[in-house]
Amino acid sequence: MPKARRKKTITGAELLCRSLVEEGVTTLFGYTGGAIMPVYDAFPKYPRLRHVMVRHEQAAAFAAQGMARATGKAGVCIATSGPGATNLMTGIADAHLDSIPLVAITGQVATSVIGTDAFQESDIIGMLVPVTKQSYILDDPFEIPRVVKEAFYLANNGRKGPVNIDFPKDIANAVIPDDGFDTTIRYPVPRPPGIGREQLAQVKRLFVSANRPVVFVGHGVIQSEGREEVLRFLKRSHMPFAFTLHGISALPADHPQCLGMMGMHGTVEANRAIEHADLILALGMRFDDRVTGKLDEYARNASVIHVEQDPSEINKNVRATVAVYSDLRSAVVEMTKVVEPKPYREWYAFAAENRKYWESVDPASGGNGRGDGQDLLMGTVIRKLSEITGGRDNVVADVGQHQMFAARYYRFQRFNTWFNSGGLGSMGFSVPAAMGVKFARPGERVWVVVGDGSFQMNIQELGTIMEQALDLKIVLLNNNFLGMVRQWQDLFHEGRFVGTPVKNPDFVALAKAYGIAGERVTKAGGLAPALKRAMASRGAYLVEIVTDMKEMILPMIPSGARFSDMRVTR
């Protein structure tokens with residue numbers, strides 16, 4: 001009598017790994033621990049999954065974000081229960097505010113002891129509900145394939161964002177038959193209706209009547225990959241445009257219609273244009289407070305056309321004259337059909353006058369009594385970096401003055417090459433996020449622009465860079481202060497510098513301890529040669545640049561103030 005064929009079985013941990021492979025995951029960032037150990041034990045059976053061990057779980061979430069921002073697909077991070085899971089939270093919240101697709105897998109204690117305050121137990125689902133699109137706790141191993149598929153679908157569709165899968169240890173260890181899994185997606189994302197005929201007619205009337213229009217280029221232009229559609233609209237309409245912080249690198253910075261970045265630290269020409277505009281066409285942006293200043297006086301003489309795929313953002317902060325709930329690319333295509341070109345000569349002359357005025361007072365351009373502009377100022381450093389790279393490299397900034405200088409002075413020429421933490425403003429973002437960008441784009445040069453305060457938030461990731469032999473170029477702008485807070489203390493707190501002076505280690509020696517080459521620059525003449533040496537080096541390289549501690553990022557619209565209150569000089 002023939003022997004009965006034994007049914008093939010699979011563990012929950014193996015099923016999770018296989019499901020990740022089926023979703024196209026190749027790299028995930030994480031840190032192991034007790035509750036997640038069964039998943040790590042399954043990794044060798046799935047060689048297509050490359051696990052990158054970071055040195056802190058927060059860095060895993062930021063690295064996964066970097067990969068997601070560079071690829072447009074969901075990044076993956078993984079950690080154990082309790083402190084491992086809670087350490088992911090900052091990166092998950094950051095992804096939520098910046099609409100970055102992320103799938104965060106957290107280990108959890110066994111289902112039998114959930115709610116008993118077991119060792120390393122935390123209610124991560126409860127903590128993450130406000131900052132995720134969806135949070136799951138797996139209590140049935142048969143549900144793993146469907147939940148994983150659904151998580152990636154939700155992270156990548158509609159307004160992108162993070163999803164959490166909490167994975168109890170007993171579910172990971174469960175052994176089940178390997179057949180017949182349900183992968184039905186049960187959370188379909190509503191599709192925007194698009195721009196309607198009546199809306200398009202109203203938009204056309206606003207285009208015809210406008211003499212001082214400004215197009216706002218937001219993050220949605222990048223996420224929708226709408227670069228070509230927007231360029232065609234701009235070419236036909238001849239309207240000037242300005243970037244939000246996350247819209248930077250959606251279009252070339254040297255485009256003749258570009259006014260630069262808008263908002264709190266935006267260019268003089270962009271902010272004064274907004275102040276005097278009679279029409280704003282907002283493409284894929286959310287009108288946050290760093291863009292608008294005082295809401296009840298923001299662009300009060302302008303009609304607003306707001307194109308957005310998330311209806312919750314329409315009319316949330318700024319009232320739209322025409323609210324277009326639509327996929328961005330299709331809406332722009334339709335608007336291009338109805339817009340008629342105008343020369344806007346006086347409008348462009350107004351912008352040119354304001355640009356010329358700023359150049360006359362900009363310290364990094366040699367204005368405002370700063371000689372020939374060769375001082376070691378952050379603006380000078382970023383301008384030189386832009387010059388020697390041709391504006392074509394990937395730049396990952398941290399949070400602070402250096403971030404705003406990078407946004408303002410690096411002349412991005414390539415699509416989606418600017419990465420930073422916007423909504424949450426997370427110090428410590430840059431180094432781990434740059435690791436993710438480098439994994440996504442191994443053949444491209446990736447620069448980190450970071451301050452001395454931010455660098456020390458996740459400085460331990462130099463160990464990950466060493467272990468993974470990542471070729472990252474780190475420009476450390478060291479002013480021995482938490483520069484942005486110092487600037488506010490100088491301007492608004494009578495120069496009481498409390499908690500902002502920073503006593504720093506020898507950063508070059510520290511990098512050397514991790515096998516990373518580096519040098520310190522203290523004179524203007526050494527700047528360009530050091531940056532060129534970093535470019536030419538094979539492997540990671542740190543350039544520490546000692547900058548003026550009193551430097552400010554200007555212009556500046558004080559928090560909650562009007563655009564007319566913009567401070568251009570100290």
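Thresholds applied
Residues numbered from 1 in each chain as written. Predicted model: local features only at pLDDT ≥ 70, side-chain atom pairs only at ≥ 80, totals over all residues. Heavy atoms only, no water. Helix = DSSP H or I, 4+ residues; strand = E, 2+ residues; numbered from the N terminus. Buried < 20%, exposed > 50% of the residue type's maximum accessible area, 1.4 Å probe, protein only. Contact = heavy atoms within 4.5 Å. Areas by Shrake-Rupley, 256 points an atom, 1.4 Å probe, with all protein chains shown as cover. Lys, Arg positive; Asp, Glu negative; His and termini not counted. Charge placed at Lys NZ, Arg CZ, Asp CG, Glu CD. Pairing = 2+ DSSP bridges. Axes fitted to C-alpha atoms, helices over the stretch in contact; angles between N-to-C directions. Expected span 1.5 Å × (residues − 1). Arc of directions from axis to C-beta. Salt bridge = Lys/Arg side-chain N within 4 Å of Asp/Glu carboxyl O.

Undergrad: Can you explain the overall build of the chain? Please cite residues and give values.
TA: On a plain count of helices and strands, the chain comes out with 22 helices and 20 strands. Judged by the C-alpha coordinates and their principal axes, the chain covers about 95 × 65 × 40 Å. Across the 570 residues of the chain, 59% fall into the buried class. The long-range fraction of contacts in the chain, counting pairs at least 24 apart against all pairs at least 6 apart in sequence, stands at 74%. Per element, the accessible surface of the chain, about 23,100 Å² overall, is 51% carbon and sulfur. Across the chain, 65 positive and 59 negative side-chain charges occur, with their mean positions spaced 5 Å apart.

Undergrad: Break down helix α1 (residues 12–22) for me, with residues and values.
TA: The element α1 is largely enclosed, with a buried count of 9 among its 11 residues. G24 occupies a position one or two residues after α1 and carries a positive phi of about 85 degrees.

Undergrad: Please provide a residue-by-residue account of the sheet that holds strand β13 (residues 303–308), values included.
TA: Strand order in the open sheet formed by 6 strands is β11-β10-β9-β12-β13-β14, with parallel pairing between adjacent strands. One side of each edge strand has no neighbouring strand; the edge strands of this open sheet are β11 (258–261) and β14 (322–325). Looking at each pair of strands side by side, their axes are set apart by 15 degrees on average, direction ignored. For strand β9 (residues 213–217) and strand β10 (residues 241–243), the ladder comprises 3 bridges, and the chain directions are parallel. The residue of β10 that forms the bridge with V215 is F241. In this fold helix α8 (residues 197–209) packs onto β12 (279–283), β13 and β14, with an angle of close to 130 degrees to the strand it touches most, β14.

Undergrad: Describe in detail helix α14 (residues 345–361), supporting the description with residues and values.
TA: If you check α14, its first and last C-alpha atoms are 25 Å apart, about what 17 residues at 1.5 Å a residue would give, namely 24 Å. Considered for burial, the residues of α14 that qualify are W347, Y348, A351, N354, W358 and V361. Across the axial projection of α14, the buried residues extend over an arc of 150 degrees, all falling on one side. Of the exposed residues in α14, those oriented more than 90 degrees away from the buried face are R345, E346, E353 and K356. Packing partners of the buried residues in α14 comprise β9, β11, α11 (268–276) and α16 (401–409).

Undergrad: Break down the pattern of salt bridges for me, with residues and values.
TA: Considering all chains together, one arrives at 32 salt bridges under this definition. Its salt-bridge partner being D178, residue R18 comes within 2.8 Å of it at the nearest N-O pair. Taken together, the residues R18 in helix α1 and D178 in the loop between β8 (175–177) and α8 connect sequence positions 160 residues apart. The class of R18 is partly exposed, set by a relative accessible area of 24%. Between R383 and D362 there is a salt bridge; the shortest N-O distance is 3.5 Å. Here the residue R383 occupies a position in helix α15 (residues 378–389), and D362 occupies one in the loop between α14 and α15, the gap between them amounting to 21 residues. Through salt bridges with shared partners, a single ionic network connects K294, E297, R300, R562 and D565.

Undergrad: I'd love a proper account of the pairing of strand β15 (residues 394–397), names of residues and values included.
TA: Neither face of β15 is open: one carries N394 and V396, the other V395 and A397, and all of them are buried. Pairing geometry for β15 and strand β17 (residues 446–451), over 4 bridges, is parallel. Paired with V396 across the bridge in β17 is V448. Across 2 bridges, β15 lies against strand β16 (residues 418–419) in parallel orientation. In the strand pairing of β16, V395 is matched with W418.

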